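# Structural overview for review
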Amino acid sequence: MSTRVAPPGLACLAVNGLSHAYPGARGPVAALDGVSFSVRTGQFCAVIGPSGCGKTTLLHVLAGLIAPTRGTVTLPPRSPGRLVTAVVFQGISTFPWMTVRQNVAYGLRALGLPAAERRRRVEQQVARVGLADFLDAYPHQLSEGMRQRTGIARAFATDPDVLLMDEPFGSLDEQTRLRLQDELLGLWQGSGKTVVFVTHSLDEAARLADRVLVMSARPGRVTADIAVPFPRPRGYGEVRSDPAYGAFTARLWTELAGSGRPAAT
Amino acid sequence: MTGGQRRDRLLAVASPAGVLVAWEVLSRLGALDARFVPAPTTILHTMALMTRTGELPYHILVSVRRVVLGFLLGAGPAVGLGLLMGLSRPVRSALLPIVSAAYPIPKIAVYPLIIFYLGLGEASKVGIVAVSIFFLVLLSTMSGVLALDPAYFKIARAYGADARAVFATVAWPGALPQIFTGLKLGMGFALIVIVGAELLGSTSGIGYLIWRSYQIFAVDAMFVGLLVTAVLGWVAAAALDWLEHRVLPWRAS
C-alpha cells in the first residue's frame, strides 16, 4: 500500500519491502521482490538493470499507476499547486491531438490553478526547453527530440516533489540524447528536484546521477547502491575524460553482470 | 503542386468526362438505343425541366432532410456508446456479441419492421437511416479507442486525470480519426438505404422519383434520379472531408 506521509529525516522518497507480481498464465510472475531504498531531497538517483528487471514496474508503482502487491512507498504530503510525482515516459510522450501549449498544460488541470498562473508556468517551461516558437505547433510538426522536450516541460510545469523518468531518451539518436541530457541537467540544477531516472544506459547513469541503484534480473531486487564520484557541472567532455570514468562504468557493468542471471541485453 | 499531383487531378477529371463524351457520341451514332439509354444531354435537359417545375428540388430536399436527421440520430448515440465500449472491458464484453450479430443484417430487410413500428411517415425513413449507420459508426468508434496506444492512457493517469478527463482528453480526440472513417462509410450507407427505402414505401424523395419514373417508362427521369444520388454522395463525402480537416488539424497530412 502507498502512503503519503512525509518520510523521516532528509529523505524525500522511501520505498520499503516493495514486491509486485503480475498475474500470468502459470501463476503470478514476480517483477519486484523486496525492494527497499530511500532518496534524499534533491538527489538525482538512477536505476539501471537488465531488460525485464522490473525497473519500469518500480517507476509505475512510484507514480501511483500500479498498486504494489506488498510493501510501502512513502512520498511527501501533497502541497497546493504542485503534484507529488510527475512522469516523463519513454517513446510516446505527447498527445498528438494537443498543441505544445496544451500538452504542457495537461498536468496543471488537476491542480486548480488560476488561468494566469497556468499560462505563466506553461510559457516559462516551454521557453526553458527552447520551444517558445512552437507553443501552438502540433507534435507531428516537431522532431522526436522536441516532443520529448515537451514531455519534460509538462513534468516541470507541475513543480513536482519527485520527478520520475522512464528511459526518457531511450528512443532518441545519440546526439539528440546527449543534448537532452545536458538540458535536463541544466533544468535540474537549481530546481532542487528529487529525480528517479530509469535507464539501461550505463553512460547515462554515470553522467546524470548522484547515485546509481543496480537491479537484478526478474524478480527485480536492488543489488548495489553506488555513489557517482564525478564533480558537477558535468559536461560530456569532462566526465568522459575523467580518469575514473572507465573504472566507474566498468564497476557498474560488473555489478550488473553479477546480479543474478548474467545481463543478457 | 507537383507535376504528379497535377497529373492526378487531371486524371480524376478526365476519366469521368471521357466516359460522358463516349456515351454521348455512341448515343448520337445510334449505337445506344435512346429508349433504353438516353444520351447525357437528354438526361441533363430532363433534369433542367424537372428543376424548373420544382419537382426535382423538392424530392432532393426531402431525401437530404431524411439522411441528415437520420445521420445525426444514429451517429450521436453510436459515438457515445462506441467510446464507452472502447474504454470499458465489461461494457464491451456485454454488448459486443449483440452488436456483432446485428451489424451484418441488411438494414433494408429491417425496413418493413420499422414501418410496422413507426408508420409510413417520415419517422420510418429517418429511423432506417439511423439504424443503418448506427452499428458502423459504433464499431469504428470502438476500434478507434482500442487502437490508441496505452501510453496515452498512462500519461493521463500519471497526471491525475479522472475517468471523465480520460474520456474527454484521450478517448474522444484520439478516436476522432476513426470516427470520421465510420461517418464517411456511414454516409454512403445512408444514401443507399434511403433511396432503397423510398423505392419501397414512400410518396416523396429521390427513390420515389426513380420508382415513379419507372412506372411511367420515363427512362431519362430514372437516370436523373441516379445522377442526383451520385452527386449527393460526392457532395456529402466532400463535406465530411472538409469537416475532418477542420476538426483534426493535428493529423500529419
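For the structure itself, consult the block above.
All values reported here derive from a predicted model rather than from experimental measurement.

### A short note on the overall build of chain B
Per the secondary structure count, chain B includes 10 helices and 0 strands. Starting at the N terminus and ending at the C terminus, chain B contains elements arranged as α-α-α-α-α-α-α-α-α-α. Once the C-alpha set of chain B is aligned to its principal axes, its extents read approximately 75 × 55 × 30 Å. By the burial criterion, 33% of the 253 residues in chain B qualify as buried. Sequence-distant contacts in chain B: of pairs separated by 6 or more residues, those separated by 24 or more amount to 73%.

### Re the overall build of chain A
Helices and strands together make up the secondary structure of chain A, namely 8 helices and 10 strands. Taken over the C-alpha trace, chain A has a radius of gyration of 18 Å; the compact-globule value for 265 residues is 18 Å, and the two agree within 12%. Taking the principal axes of the C-alpha coordinates as reference, chain A spans close to 50 × 45 × 40 Å. The buried share among the 265 residues of chain A stands at 44%.

### Thoughts on helix 9 (residues 206-215) of chain B
Every α-helix carries 3.6 residues per turn, so stepping three or four residues along brings you back to the same face. Taken together, the buried positions of helix 9 of chain B are Ile206(B), Gly207(B), Tyr208(B), Leu209(B) and Ile210(B). Looking at the residues trailing helix 9 of chain B, positive phi occurs at Phe217(B), about 55°.

### A closer look at the interface of chain A and chain B
Contacts between the two partners involve 16 residues from chain A and, on the opposite side, 15 residues from chain B. A class-by-class count of the residues in the side of chain A that touches chain B yields 12 nonpolar, 3 polar and 1 charged.

### Structural notes on the nonpolar core
Core analysis: the biggest nonpolar cluster contains 121 residues, and Cys45(A), Val47(A), Leu164(A), Val196(A), Phe197(A) and Val129(B) have the highest contact counts within it. Those residues in contact with Val47(A), other than ones at most four positions away along the chain, are Lys55(A), Leu58(A), Val196(A), Phe197(A), Val198(A), Leu213(A) and Met215(A).

### Observations regarding the pairing of strand 7 (residues 162-166) of chain A
Taken residue by residue, a regular strand's side chains alternate between the two faces of the sheet. Residues and elements named next belong to chain A. Of all the 5 residues making up strand 7, 5 are buried; the element is thus mostly covered by neighbouring parts of the structure. Of the two faces of strand 7, both are covered, the one formed by Val162, Leu164 and Asp166 as well as the one formed by Leu163 and Met165. Looking at chain direction, strand 7 and strand 8 (residues 194-198) are connected through 5 bridges and run parallel. Paired with methionine 165 across the bridge in strand 8 is phenylalanine 197.

### What to know about the pairing of strand 4 (residues 44-48) of chain A
Residues and elements named next belong to chain A. Of all 5 residues in strand 4, 5 are buried, a share of seventy percent or more. What you see with strand 4 is no split at all: Phe44, Ala46 and Ile48 on one side and Cys45 and Val47 on the other are buried throughout. Where strand 4 and strand 8 come together, 4 bridges link them in parallel fashion. Within the sheet, the bridge partner assigned to phenylalanine 44 lies in strand 8 and is valine 195. Across 4 bridges, the pairing between strand 4 and strand 9 (residues 211-215) is parallel. What sits directly across from alanine 46, in strand 9, is valine 212.

### Looking at the packing of helix 5 (residues 111-118) of chain B against helix 6 (residues 122-146) of chain B
Residues and elements named next belong to chain B. Packing of helix 5 against helix 6 brings their axes to within 9 Å, and their N-to-C directions diverge by 140°. It follows that helix 5 is oblique to helix 6 by the angle criterion. As for how helix 5 packs across helix 6, the hand of that crossing is right-handed. Judged by residue contacts, Tyr111, Ile114, Ile115 and Leu118 of helix 5 engage Ala123, Ser124, Gly127 and Ile128 from helix 6.

### Comments concerning the sheet that holds strand 6 (residues 85-88) of chain A
Residues and elements named next belong to chain A. Read across the open sheet, the 6 strands follow the order 6-7-8-4-9-10; overall the sheet is mixed. The strands lining the two open edges of the sheet, one partner per strand, are strand 6 and strand 10 (222-227). Averaged over neighbouring strand pairs, the angle between their axes works out to 20° when direction is ignored. The sheet contacts of helix 1 (residues 55-62) involve strand 4, strand 6, strand 7, strand 8 and strand 9, and relative to strand 8 the element is tilted by about 150°. Each of strand 6 and strand 7 is contacted by helix 4 (residues 144-157), which is oriented at about 180° to strand 6, the strand it contacts most.

### Concerning the environment of Arg211(A)
Residue and element names in this part refer to chain A. Looking at the element boundaries, arginine 211 is found in strand 9. Since 17 C-beta atoms lie within 10 Å of it, arginine 211 is described here as partly exposed. Between the C-alpha atom of arginine 211 and that of glutamate 144, which follows or precedes it by 67 residues, the distance is 28 Å. Those residues in contact with arginine 211 that sit more than four places away from it in its chain are Gln43, Cys45, Asp225, Ile226, Ala227 and Val228.

### Overview of unusual backbone geometry
All names here are of chain A. Across the junction of arginine 232 and proline 233, the peptide omega takes the value -5°, indicating a cis bond. By the element assignment, proline 233 lies in the loop between strand 10 and helix 7 (236-241). Phi angles above zero are rare outside glycine, and aspartate 159 is one such case at about 50°. Positionally, aspartate 159 belongs in the loop between helix 4 and strand 7. Take aspartate 159: there are 18 C-beta atoms within 10 Å of it, and that puts it in the partly exposed class.

Definitions and limits used
- Residues numbered from 1 in each chain as written.
- Chains lettered and ligands numbered in written order.
- Predicted model: local features only at pLDDT ≥ 70, side-chain atom pairs only at ≥ 80, totals over all residues.
- Helix = DSSP H or I, 4+ residues; strand = E, 2+ residues; numbered from the N terminus.
- Buried ≥ 20, exposed ≤ 12 C-beta atoms within 10 Å, placed from the backbone.
- Contact = placed C-beta atoms within 7 Å.
- Rg over C-alpha atoms; globule rule 2.2 N^0.38 Å.
- Nonpolar A, V, L, I, M, F, W, Y, C, P; charged D, E, K, R; others polar.
- Core = buried A, V, L, I, M, F, W, Y, C linked by C-beta atoms within 7 Å.
- Pairing = 2+ DSSP bridges.
- Axes fitted to C-alpha atoms, helices over the stretch in contact; angles between N-to-C directions.
- Parallel < 35°, antiparallel > 145°, perpendicular 65-115°, else oblique.
- Left-handed = near helix turned anticlockwise from the far one by under 90°.

Limitation: the analysis is restricted to geometry and does not speak to function.
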